[in-house]
Amino acid sequence: MHLTPTETEAKKTAGVVASALSRWTGSGSFEMRGNPFAVAGAPVTLIGFGAAIESIKWVSTVVTHTIDPEGGGWTTMVEVETKE
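A. Just the side chain of Ser-60, in detail. With respect to the secondary-structure elements, Ser-60 resides in strand E3 (residues 58-68). Looking at Ser-60, its side chain comes within polar contact range of the main-chain oxygen of Val-39, at 2.6 Å. If we skip the residues at most four places from it in the chain, Ser-60 touches Val-39, Ala-40, Gly-41, Ala-42, Val-44, Val-78, Glu-79 and Val-80.

B. Main features of the side chain of Thr-76. In this fold, Thr-76 is placed in strand E4 (residues 73-82). Among residues more than four places away in sequence, those in contact with Thr-76 are Phe-30, Glu-31, Met-32, Arg-33, Gly-34, Asn-35, Ala-38, Val-63, Thr-64 and His-65.

C. Representation of the sheet that holds E4. With antiparallel pairing, 4 strands are arranged side by side in an open sheet as E1-E4-E3-E2. Edge positions in the open sheet fall to strand E1 (26-33) and strand E2 (43-44), since each of these has one partner strand only. When E2 meets E3, the two strands line up antiparallel, connected through 2 bridges. Across the sheet, residue Pro-43 finds its bridge partner in E3, namely Val-59.

D. Quick look at the packing of aromatic side chains. Scanning the entire structure with this criterion turns up 1 aromatic pair. Centroid distance Phe-30 to Phe-49: 6.4 Å. Interplanar angle 50 degrees. Geometry classified as tilted. Taken together, the positions of Phe-30 in strand E1 and Phe-49 in the loop between E2 and helix H2 (51-54) put the pair 19 residues apart, joining distant regions of the chain. Given the relative accessible area of 47%, Phe-49 is considered partly exposed.

E. Structural view of the pairing of E4. Here E1 runs beside E4; their pairing, made up of 8 bridges, is antiparallel. In the sheet register, Arg-33 faces E4, and the bridge partner there is Thr-75. Here 9 bridges tie E3 to E4, and the two strands are oriented antiparallel to one another. The partner of Val-59 across the bridge, within E4, is Glu-81. Linkage of E3 to E4, two consecutive antiparallel strands, is achieved through a turn of 4 residues, within which Gly-72 is found at a positive phi near 75 degrees.

So, how was this worked out
- Residues numbered from 1 in each chain as written.
- Predicted model: local features only at pLDDT ≥ 70, side-chain atom pairs only at ≥ 80, totals over all residues.
- Heavy atoms only, no water.
- Helix = DSSP H or I, 4+ residues; strand = E, 2+ residues; numbered from the N terminus.
- Polar contact = N/O pair within 3.5 Å; in protein donor to acceptor, adjacent residues only side chain to side chain.
- Contact = heavy atoms within 4.5 Å.
- Pairing = 2+ DSSP bridges.
- Phe/Tyr/Trp six-rings, centres within 6.5 Å; stacked < 30°, edge-to-face > 60°.
- Buried < 20%, exposed > 50% of the residue type's maximum accessible area, 1.4 Å probe, protein only.

Right under this line is the structure:
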């Protein structure tokens, strides 16, 4: 929530926030062996996906940890986005 003193300022602020939210230009997801350090909002460095993908600054947007009782471990699913 952004408090503004006037309606004009509120419209200006809303435009800036909307613009910032629409700047994400790329997204993806991957699953890996459980990683307790994976959290939403953290920068993500991808390795093994090729230079074109690895050179992009990715940010995790959603991180889901799933326990696998049959496999005796857990997995982590990471959704990423980029502004580049």
